[in-house]
Number of protein chains: 4
Amino acid sequence: MPRSEPEFVEALKEEASAFPLWRFHNAKVERPKVLPHVWRWSMMERFAQEAGDLPELKGQGDRRALVMSNPGLKMPFSGATKTLTSAIQIVWPGEIATAHRHTPAAIRFIIQGNGAFTVQDGERFIMDQGDFTLTPSFVWHDHGNLTEKPMIWLDVLDAPLVGYLDASFFEDFPEDEQPIIHPEGYTNVRVGHGLMRGLADRPAHNRPLPVTYKWDQAYGALRDFDQSTPFDGVAMEYINPITGGHCMPTVAAVLSRLRPGERTGAHRHTATTIYHVAKGSGFSIVDGKELAWSKGDTFTLPSWTWHEHGNGSSTDDAVLFSVSDLPLLEAVGLFREEEGNPQQVTGSFD
Amino acid sequence: MPRSEPEFVEALKEEASAFPLWRFHNAKVERPKVLPHVWRWSMMERFAQEAGDLPELKGQGDRRALVMSNPGLKMPFSGATKTLTSAIQIVWPGEIATAHRHTPAAIRFIIQGNGAFTVQDGERFIMDQGDFTLTPSFVWHDHGNLTEKPMIWLDVLDAPLVGYLDASFFEDFPEDEQPIIHPEGYTNVRVGHGLMRGLADRPAHNRPLPVTYKWDQAYGALRDFDQSTPFDGVAMEYINPITGGHCMPTVAAVLSRLRPGERTGAHRHTATTIYHVAKGSGFSIVDGKELAWSKGDTFTLPSWTWHEHGNGSSTDDAVLFSVSDLPLLEAVGLFREEEGNPQQVTGSFD
Amino acid sequence: MPRSEPEFVEALKEEASAFPLWRFHNAKVERPKVLPHVWRWSMMERFAQEAGDLPELKGQGDRRALVMSNPGLKMPFSGATKTLTSAIQIVWPGEIATAHRHTPAAIRFIIQGNGAFTVQDGERFIMDQGDFTLTPSFVWHDHGNLTEKPMIWLDVLDAPLVGYLDASFFEDFPEDEQPIIHPEGYTNVRVGHGLMRGLADRPAHNRPLPVTYKWDQAYGALRDFDQSTPFDGVAMEYINPITGGHCMPTVAAVLSRLRPGERTGAHRHTATTIYHVAKGSGFSIVDGKELAWSKGDTFTLPSWTWHEHGNGSSTDDAVLFSVSDLPLLEAVGLFREEEGNPQQVTGSFD
Amino acid sequence: MPRSEPEFVEALKEEASAFPLWRFHNAKVERPKVLPHVWRWSMMERFAQEAGDLPELKGQGDRRALVMSNPGLKMPFSGATKTLTSAIQIVWPGEIATAHRHTPAAIRFIIQGNGAFTVQDGERFIMDQGDFTLTPSFVWHDHGNLTEKPMIWLDVLDAPLVGYLDASFFEDFPEDEQPIIHPEGYTNVRVGHGLMRGLADRPAHNRPLPVTYKWDQAYGALRDFDQSTPFDGVAMEYINPITGGHCMPTVAAVLSRLRPGERTGAHRHTATTIYHVAKGSGFSIVDGKELAWSKGDTFTLPSWTWHEHGNGSSTDDAVLFSVSDLPLLEAVGLFREEEGNPQQVTGSFD
């Protein structure tokens, strides 16, 4: 006499490490789900300052990071999205992180302070407020704060993605610091201010460079650039200067300037995005709810979330810095985008 | 008076939806981990036959799939790897799945039976034993078994990856079956047996085609091809005939023929692979443990696992069909590979 | 007192090896100009047979080629177009060309005879009527006719282009014949009948292969393929099976089947084309003049010439084999195309 | 009785518009051949100034160009190479060329004067000494000199190549001048100083931009860049800032700085190059002959010519600006390069 379906299912699971598809279709599977969420600067800064004073972390600026955990993701140490982490890091004067490299790539956007340094592939880069630095996969890097004041920055890593792909590798450099073999400004020179490049650098060698994009240059370009895009205001993408493509193969980064009073159209797409408010204040309409933001706030928008942005000021620019997993979605042919009508606002985020 | 570190951590978590990086570094985080595992044909076939008799599933061949769940992945309905599911599906004579499409892409490798059909983009494909069929992302498809005997096949989908990327979309076709608008064999003609292509099909249009690769042709090519690769015997990759690249942007598929007595070298790489034994029997050495396999067995090798293969017969070919997430690792620059020495065998898989 | 303009011009030319632009603009410069032209098979075959009997050429089948010289090109030994030569070659039983290689690439389309051979990169290819063989740039090759009957084929080389670019290199193989290191059919196996490829062959290695495209397969594909293009009937391009792109970087080759009574639309484009009638008879309208053609005829259409084609038979297929410099025009961004109305016929070609 | 071979050949030529290959192989065909040649600035400037005074050309600055004609090319109005023309153009204060576009692409390198303008695609570019301007294929452009002094520049066009490919098209703009729709500096902003780009500009849209590369920025990059290449000193390529590739699909442009006393290695390649001395003086060894050069001189090196360069000064930089047809050779797979030993000098150029 045959087993019943429940007996069959149990045996299948126990004996064969398999499950029946029909149970899956009927099941209410609760999966972690990225939620739109905002991490307020007022709160994050307070915690960051307090973390700066914790005696347990003295001298350990590289571990003094507050990692934003998406409330929709259930894992103990989840990131801001499923592919990316973002964290507020505070580095005290005199703190130095020793040289190492890892396959997760990192970016850093300076929130407060001027003059911290990072050394990458033998070149020292100075990081000031608003600057955006790439640490591509497996580039030797070390960094520190030799100024008189604390530095605060936003760290974004593709560590969750690299972990998901089981491709994490880590190495310490044999010395605390790597030797400096290039003069400051070398990479900018090597890419000829974007109009030339060294004969040895061909686009086919698409390993991303450890570029630092200066705020003055980036925001200056946005101020000079006079054309708005439909959904992002006056927006430019930070590029890999050798290939002209995305800044790294796992992350795209964009700086969007909303002119005084500017309001964008609504769209949704399958890339998940982390926004950080670089300047000014305004609001986004996110699946019908208003999300007010101002300088220093960080917020995420999940895949396929309707969104539109507005500058709340009639006199000053508002500037959003954002990173997303767009290159990944494109690479596997799963990027899709839909334009929408202006949304009705039916609620708001805290 | 300042809070203690534990008080700080608790407040950070509760009030700010964030966690401190220093706790993460010290934590023993138990994460789901793909394990090497073998699903024996002897057991899977027995369950498949039994599932074929379950009255609950009468006429529902598209749900009668036994999904292999990697024992290292803790989620209730996890796949064979973190990016791919694989399942044994048994379709009874007369069962038909109605037409639909979804963003997860599927492949099917026929284990038993001849003459089932699938219709994709208006073309009917007949599937016989050993055939390998692509259902690319968002292609309309329906399939069924109008023969007198049950068909058994291996289904592999990139559904876990698409779910991870929050890019799942599904649509039913307005009718049960889609109209057939091309003669049988149309796609093979359209790609001119690999030597020509229709003027309208340019490599730049890289949407993968719903190709069926016939066993006789594929295995025939491997028998004729006289060169062994270092790690895979006589091996050829199934390609997208328009672009010459991987068969789909998320999945690479390879057919490997181990000649009688042939034994490969050892290597490891960051692509995770699902192997299915298409013919013969043999063994793999997996991180020092022997994994014996014979026709119908399915096994997974996680990222960065040492492996080498051997044909156990001195007279007959052994053939492995395998699929992996190689294209994804390549796209994000995280594919790496290492050659090794022949491994010491220190144990074996059940 | 200053020189007059004519004195100035003379001095500039003599002393500075320069000329004044203003003289160029006023000059009626007579430049060589590709004309549409047809080389009739009835005439070419008669000459080919007569050349076969010339005692001066006994045993020298590789030199017994009648090179079509475009009447609009004034140079002593000009080709059929400015980028390509085409020639009728007759090879007597027993004649063998010794092994060599050169940077100009060649293609061969067999007009008459079965069973000649060419050896390329260590593989012997048999060439029968209607077959189309590639000899890519700098591939070692030798060929011969070991059958009982003469073979006649059409040879097309990009030698004028390579000469124009000053990139001609030639080498004799150390032996008369190169060793055969692969079994017959190896390349077709290596490219897995277009659906697979050896693991070592990646599209990035875009050196074209020495493929032979069999007539039965190529014409068979066209008979099975049921979709007409606007300007070329049922048309497929012969491709590089590794990359899916043009068969060679300097030459695109197309086989066009005009179904009984089929007539195409009119267009013009900047690629210059050589047509060879592979089967049947019909006509083209070329800048308003009718060009009747039948099997064996060869004709050229210059850049930016209006053309449309018709099959003269209501019962049989007409098939045009054509080669053009399209890949070159595309590579430099100078390909353009314009669709036109059906042309008024106001005359005809001889 | 059969015809003799000479009778046969004559008939073939007359009746069939064909020639026998065996005659070609035996013939001493005299073909135009690019020669290494130098056009001295001392002479070209004298002629340019004199041309500026010719009453016939009053107000016609766009026709007052002295086109360098390679002494090895026999055609009445041949260019400096087979693919490129180069000319010295002198434009008088107040002279304006009306707006037009053509498929030949142009570049301009300013030899003398500051402040001329060109308008391209609605943006006005100011051209000063040492600046390098692109006019890509079929971009509307007009230019003029509204300063108080004459301007002298070097013009290079790919007109011979476009003519060879029979792909020349020309159009006058409906008005004398095109409207200016972008602010000055727009393109540099649009490409974000090479580190960003407007969201609408994707590398896939590879139509080259009408960029002006400023001397201060280009030479500044070379002064800062501290690495010598084997054959070109400290050398950088001017790139298409959107794609990172060559500045145009038909022309590559390089700026090479030879440090005081620097001497390069010897090589030869199949790209044909036009050099213009932008600064300083030095020498090249060209197939064993010394070619001394100083500021303003222009010289060509044909395909496959051995060459090495030296800076004649022990205190000052020497800078060579060069353009070549490298992209074309690469596109068709005919670029090859060979490294050599330092050459014995056995003579010299005038």
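Residues numbered from 1 in each chain as written. Chains lettered and ligands numbered in written order. Predicted model: local features only at pLDDT ≥ 70, side-chain atom pairs only at ≥ 80, totals over all residues. Heavy atoms only, no water.

Visitor: Got a minute to help me understand helix 1 (residues 5–16) of chain A in this structure?
Guide: Because each turn of an α-helix spans 3.6 residues, side chains separated by three or four positions in sequence point in the same direction. Here helix 1 of chain A is 12 residues long and its end C-alpha atoms lie 15 Å apart, about the 16 Å a rise of 1.5 Å per residue gives. Of all the positions in helix 1 of chain A, only Glu-5, Phe-8, Val-9, Ala-11, Leu-12 and Ala-16 of chain A are classed as buried. Each buried residue of helix 1 of chain A lies within a common arc of 165° when the element is viewed along its axis, so the set occupies one face. Exposed and oriented more than 90 degrees from the buried face of helix 1 of chain A are Lys-13 and Glu-14 of chain A. Looking at the buried residues of helix 1 of chain A, the elements they touch are strand 1 (18–20) and helix 2 (21–26) of chain A together with strand 2 (37–39), helix 3 (41–53) and strand 3 (65–68) of chain B. Just past helix 1 of chain A, the residue Ser-17 of chain A takes up positive phi, approximately 50°. (Helix = DSSP H or I, 4+ residues; strand = E, 2+ residues; numbered from the N terminus. Expected span 1.5 Å × (residues − 1). Buried < 20%, exposed > 50% of the residue type's maximum accessible area, 1.4 Å probe, protein only. Arc of directions from axis to C-beta. Contact = heavy atoms within 4.5 Å.)

Visitor: Explanation requested: unusual backbone geometry in the structure shown.
Guide: Negative phi characterises most residues that are not glycine, and trans characterises most peptide bonds. Backbone geometry places Trp-304 of chain A, a non-glycine residue, at a positive phi of 65°. By secondary structure assignment, the location of Trp-304 of chain A is in the loop between strand 21 (298–301) and strand 22 (307–311). For Asp-166 of chain D, which is not a glycine, the phi torsion comes out positive at approximately 50°.

Visitor: Could you clarify how one ought to interpret the sheet that holds strand 9 (residues 132–135) of chain C in this entry?
Guide: The pairing of strands in a sheet comes from backbone hydrogen bonds and takes either a parallel or an antiparallel form. What the 7 strands build is an open sheet, ordered 14(C)-9(C)-6(C)-11(C)-4(C)-3(C)-1(D); its pairing is antiparallel. With one partner strand each, in any of the chains shown, strand 14 (212–213) of chain C together with strand 1 (18–20) of chain D form the two edges of the open sheet. Each of strand 3 (65–68) of chain C together with strand 1 of chain D is contacted by helix 1 (residues 5–16) of chain D, which is oriented at about 160° to strand 1 of chain D, the strand it contacts most. (Pairing = 2+ DSSP bridges. Axes fitted to C-alpha atoms, helices over the stretch in contact; angles between N-to-C directions.)

Visitor: How should I be thinking about the interface of chain B and chain A in this particular structure?
Guide: Frequently, the measure chosen for interface size is the accessible area that the parts lose on association. Contacts between chain B and chain A engage 71 residues on the former and 71 residues on the latter. For the pair chain B and chain A, the summed buried area comes to about 6200 Å², and 68% of that belongs to carbon and sulfur atoms. Scanning the region where chain B abuts chain A turns up 4 salt bridges. The interface formed by chain B and chain A holds 20 residue pairs in polar contact (both at pLDDT 80 or more) in total. Only helix 1 (5–16), strand 1 (18–20), helix 2 (21–26), strand 2, helix 3, strand 3, helix 4 (159–164) and helix 7 (326–331) of chain B provide two or more residues apiece to the side of chain B that touches chain A. (Buried area = accessible area lost by both parts, 1.4 Å probe. Salt bridge = Lys/Arg side-chain N within 4 Å of Asp/Glu carboxyl O. Polar contact = N/O pair within 3.5 Å; in protein donor to acceptor, adjacent residues only side chain to side chain.)

Visitor: Hey, could you run me through the interface of chain B and chain C in this one?
Guide: Taken residue by residue, the interface counts 42 residues in chain B and 42 residues in chain C. Together, the buried faces of chain B and chain C total about 3500 Å²; carbon and sulfur atoms form 64% of this surface. Between chain B and chain C we count 0 salt bridges in total. Across the contact surface, chain B and chain C share 2 residue pairs in polar contact (both at pLDDT 80 or more). Of all elements in the fold, only helix 5 (186–190), strand 13 (196–198), helix 6 (215–224), strand 15 (234–238) and strand 16 (252–258) of chain B reach the threshold of two or more residues within the side of chain B that touches chain C.

Visitor: What is the right way to read the pairing of strand 3 (residues 65–68) of chain D from this model?
Guide: Look at any regular strand and the pattern is simple: side chains alternate between the two faces of the sheet. All names here are of chain D. Here strand 3 shows no split at all, with Ala-65 and Val-67 on one side and Leu-66 and Met-68 on the other all buried. Relative to strand 4 (residues 85–91), strand 3 runs antiparallel, the two sharing 3 bridges. In the sheet register, Ala-65 faces strand 4, and the bridge partner there is Gln-89.

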